[in-house]
Amino acid sequence: MPRIDAHLHVFTKASAEFPREISDVWPADREEPVEKLLGEMEKHQIDQAVLVQMAGASIANHRYLLQCLREYPNRFLGIGLVPEGHPNPADHMAELTDNTGIIGFRFSTFGGPRDIFAKMDVREFSAYPIWKCAAERDYVLWLYPNAINAHLLPYLIQAFPQVRIVLNHLAVCPGNGKFSWDAFGRPQVQVTGYNLFMHTTYRLARFENVNVHLSGQYAFSGEEFPYKDLAGWHHGLLSGFGAKRLMWATDFPWILEEPGYGKLTTVIEELLPNLSEAELADIMGGNAKRILRFPAL
Amino acid sequence: MILPTPEQKAQWEEKGYLVFENAIQGEDLKRLQTAFDYWADACKAEWLDRVEAGESVATFYDIPNPLEKDPIFIDIIDYPSYYGALMAFTDHDLILLGPQVRTVAPWPVSYTGWHPDVGQSNPLHIKVQIYVNDVEPGSGEFGFVPGSHKPDAGPYTRPMRQESMPGHKTFPGKAGTAIMFNSCGWHVSMDNHSDTPRKSIILIYEKRTPGRIGPGQFASISDYCQTPERRKLFSLDG
């Protein structure tokens, strides 16, 4: 069974060839190239990975991701981005998935009513065309919903039960204003002590097309690796979704300095020590291979 | 005080629940509904802001500090129609842990799965769920597995769908219905596929153990609790 890192990012220096957005965390001269990732993967016996676009949603912004997918077609699959408010998202998605290795798209908002008590008509959600396109073209939707969007999800899932969905980073839905970067250059998301998500995203376990990443622990934990304070969250997700719908991931490169790529390859064993060998193998790659349809090595 | 009948005692022991139809009615029910609707409406905008900030659950909301908001929320804590049963089952040594004055939105999935609240080692833990509006089948009614409160019951596992729980019973009811249950038992809010929010109040009690609730917990309503019985129920005198 392959070991697959189901969510990470690579990027190169900003250039005319590879234009991208810049920020304090990823300035123009910073690079976290695919070769560096491959080195870590080699060192820690990880076979394949999902490269998730960042630093821009335009077609041009995807050039480096597309090049990586072209160069290593058996090692990587890609997840793209759709510019917010794009007038024709279907065209954008089609262009990025034309035999490129990009299998789906990541987003955080759905454009429906803020109030769960409002009348819900998914056709009026701004994300409806993206979901419709995903259903028609068999794209994977890679979701990291904002807290105020979480209640909209089951309406879309009911409307498009054929769409494969992967909830990112422990199915957490970050609150507005709760995101920051820590001293190690890692995203931090402030969460409440009480697990709010067991009343929203965890409840989506009923839908067989919904899967969850076991990743991003560093961003939510109040402890250092192995983030034992999140063991209960992992058990809750295992209990709800089962071992066949969970996928391990590292969120490279943010974790390179702390705790390091190698340690994160053991985080599932640390937090779910009672998994059988087969269950662990599923979470560490078998599920990603089956659900995302990774090519044979 | 209306003490439970032998039949009610037997059902409580055997099944772990009792239903009190029309437990609250008439003017008291109107008072309760009016206060509930007023405060639910008044608190909603702040709740939505807290949802957006990732500080509150998105699928239901509770009126904060309800005991301070309207005396009816205090009066239902020791309401005669079910208070005698609560006292009898706890050997007349009952304390309130807290109320949840809760509005649950219609949603494709219930906000919670089947679960017990406490284990067998916990002191007797009782909840009373009071429907503030009519709760029809399929609109978030309470569900319970009769007998699941017993030490030798189960084991139970949480099914993917609420209706798949073996041996469960659902409890639709009219406004004013009170359902009392042993919180060791497996229970749930069924899916609400209607277009009507479920409005209910969940009162949480326990058989007294030393230090469980400090005298400061309900100090803000001390003036409204003058009888020795009430002060004991609200742990106001330590």
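For the structure itself, consult the block above.
Keep in mind that this is a model prediction, so the values were computed, not measured. (Residues numbered from 1 in each chain as written. Chains lettered and ligands numbered in written order. Predicted model: local features only at pLDDT ≥ 70, side-chain atom pairs only at ≥ 80, totals over all residues. Heavy atoms only, no water.)

### Examining the overall build of chain A
Then, in step 1: Assigned secondary structure in chain A consists of 10 helices and 10 strands.
Then, in step 2: In summary, chain A has a C-alpha radius of gyration of 18 Å against a globular reference of 19 Å for 297 residues, a match within 12%.
Then, in step 3: Along the first, second and third principal axes, the C-alpha set of chain A runs to 50 × 45 × 40 Å.
Then, in step 4: Residues counted as buried form 59% of the 297 residues belonging to chain A.
Then, in step 5: Look at the contacts in chain A between residues 6 or more apart in sequence, and 77% of them connect residues 24 or more apart.
Then, in step 6: When the accessible surface of chain A is split by element, carbon and sulfur atoms take 49% of a total near 11800 Å².
Then, in step 7: Looking at chain A, you have 27 positive and 34 negative side-chain charges, and the mean spots of the two groups are 5 Å apart. (Helix = DSSP H or I, 4+ residues; strand = E, 2+ residues; numbered from the N terminus. Rg over C-alpha atoms; globule rule 2.2 N^0.38 Å. Buried < 20%, exposed > 50% of the residue type's maximum accessible area, 1.4 Å probe, protein only. Contact = heavy atoms within 4.5 Å. Areas by Shrake-Rupley, 256 points an atom, 1.4 Å probe, with all protein chains shown as cover. Lys, Arg positive; Asp, Glu negative; His and termini not counted. Charge placed at Lys NZ, Arg CZ, Asp CG, Glu CD.)

### Structural notes on the interface of chain A and chain B
Then, in step 1: The interface of chain A with chain B comprises 26 residues on the first partner and 32 residues on the second.
Then, in step 2: Of all residues in chain A, Phe117, Arg203 and Arg206 of chain A bury the most surface against chain B, accounting for 31% of the area lost on that side.
Then, in step 3: Where chain A meets chain B, there are 5 salt bridges.
Then, in step 4: Remark: the boundary between chain A and chain B carries 13 residue pairs in polar contact (both at pLDDT 80 or more).
Then, in step 5: In terms of residue count, the dominant contributor to the side of chain A that touches chain B is helix 5 (residues 153-159) of chain A (3 residues). (Buried area = accessible area lost by both parts, 1.4 Å probe. Salt bridge = Lys/Arg side-chain N within 4 Å of Asp/Glu carboxyl O. Polar contact = N/O pair within 3.5 Å; in protein donor to acceptor, adjacent residues only side chain to side chain.)

### Some remarks on helix 1 (residues 34-43) of chain A
All names here are of chain A.
Then, in step 1: Of all the residues in helix 1, the buried ones are Val34, Leu37, Leu38, Glu40 and Met41. In a view along the axis of helix 1, the buried residues occupy a sector of 160°, so they form one face of it. Relative to its buried face, helix 1 has exposed residues pointing more than 90 degrees away, namely Glu42 and Lys43.
Then, in step 2: Just downstream of helix 1, Gln45 is the residue with a positive phi angle, here 55°. (Arc of directions from axis to C-beta.)

### Focus on the side chain of His199 of chain A
Then, in step 1: For His199 of chain A, the position within the fold is in the loop between strand 8 (187-189) and strand 9 (210-214).
Then, in step 2: Only 2.8 Å separates the side chain of His199 of chain A from the backbone oxygen of Tyr111 of chain B, close enough to count as a polar contact.
Then, in step 3: Those residues in contact with His199 of chain A that lie beyond four places of it in its chain are Tyr194 of chain A together with Val57, Thr59, Phe60, Trp107, Tyr111 and Thr112 of chain B.

### Remarks on the packing of aromatic side chains
Then, in step 1: The final tally for this structure, using the stated rule, is 32 aromatic pairs over all chains.
Then, in step 2: Centroid distance Tyr17 of chain B to Phe171 of chain B: 4.9 Å. Interplanar angle 75°. Geometry classified as edge-to-face. Here Phe171 of chain B lies in strand 6 (residues 169-171) and Tyr17 of chain B lies in strand 1 (residues 17-20), a separation of 154 residues in the sequence. Residues Tyr17 of chain B and Phe171 of chain B agree in their burial class; the two are buried.
Then, in step 3: Both rings, one in Phe142 of chain B and one in Phe181 of chain B, keep their centres 4.5 Å apart while their planes meet at 35°; by these two values the pair is tilted. Highlighted residues: Phe142 of chain B in strand 5 (residues 142-144) and Phe181 of chain B in strand 7 (residues 178-182), separated in sequence by 39 residues.
Then, in step 4: In textbook terms, an aromatic cluster arises when at least three aromatic residues are bridged by ring pairs, as seen for Phe11, Trp26, Phe179, Trp181 and Trp254 of chain A.
Then, in step 5: Lys69 of chain B extends its terminal NZ or CZ atom over the ring of Trp39 of chain B, reaching a point 5.5 Å from the ring centre.
Then, in step 6: Positioned above the aromatic ring of Phe171 of chain B, the side-chain terminus of Lys169 of chain B is 5.4 Å from the ring centre. (Phe/Tyr/Trp six-rings, centres within 6.5 Å; stacked < 30°, edge-to-face > 60°. Lys NZ or Arg CZ within 6 Å of the ring centre and 35° of its normal.)

### Observations concerning the sheet that holds strand 5 of chain B
Residues and elements named next belong to chain B.
Then, in step 1: Ordered in space as 6-5-8, the 3 strands form an open sheet in which the pairing is antiparallel. Of all strands in the sheet, those bounded by a partner on one side alone are strand 6 and strand 8 (187-189). Each neighbouring strand pair of the sheet contributes to a mean axis angle of 25°, computed without reference to strand direction. (Pairing = 2+ DSSP bridges. Axes fitted to C-alpha atoms, helices over the stretch in contact; angles between N-to-C directions.)

### Points about the layout of surface pockets
Residue and element names in this part refer to chain A.
Then, in step 1: Put simply, the second largest pocket is a space of about 1200 Å³.
Then, in step 2: In this structure, the second largest pocket is lined by 44 residues; those nearest its centre are Leu81, Arg106, Phe107, Ser108 and Asn146.
Then, in step 3: Those elements that provide at least two residues to the lining of the second largest pocket are strand 4 (102-107), helix 4 (128-137), strand 7 (179-181) and helix 6 (217-220).
Then, in step 4: Residue composition of the lining of the second largest pocket, grouped by class: 23 nonpolar, 15 polar and 6 charged. (1 Å grid on protein atoms, 1.4 Å probe; cavity = no way out; pocket = protein on both sides within 12 Å on 5 of 7 lines; lining within 4 Å. Points joined across faces, edges and corners; volume = space filled by probe spheres on them. Nonpolar A, V, L, I, M, F, W, Y, C, P; charged D, E, K, R; others polar.)

### Brief notes about the sheet that holds strand 2 (residues 60-62) of chain B
All names here are of chain B.
Then, in step 1: Spatial ordering of the open sheet is given by 1-7-4-9-3-2, a layout of 6 strands whose pairing is antiparallel. The open sheet has two edge strands, strand 1 and strand 2, and neither has a second partner. Averaged over neighbouring strand pairs, the angle between their axes works out to 20° when direction is ignored.

### Some words on helix 2 (residues 63-71) of chain A
Then, in step 1: Buried within helix 2 of chain A are the following residues: Tyr64, Leu65, Leu66, Cys68 and Leu69 of chain A.
Then, in step 2: Where helix 2 of chain A is buried, its residues meet helix 1, strand 2 (48-52), strand 3 (76-81), helix 3 (89-96) and strand 4 of chain A.

### Overview of the pattern of salt bridges
Residues and elements named next belong to chain A.
Then, in step 1: With the rule as written, the count across this model stands at 30 salt bridges over all chains.
Then, in step 2: Arg164 serves as the salt-bridge partner of Asp138, at 3.5 Å between the closest nitrogen and oxygen. Of this pair, Asp138 sits in the loop between helix 4 and strand 5 (140-143) while Arg164 sits in strand 6 (residues 164-167); the two residues are 26 residues apart in sequence, bridging distant segments of the chain.
Then, in step 3: Using a relative accessible area of 34% as the deciding quantity, one classes Asp138 as partly exposed.

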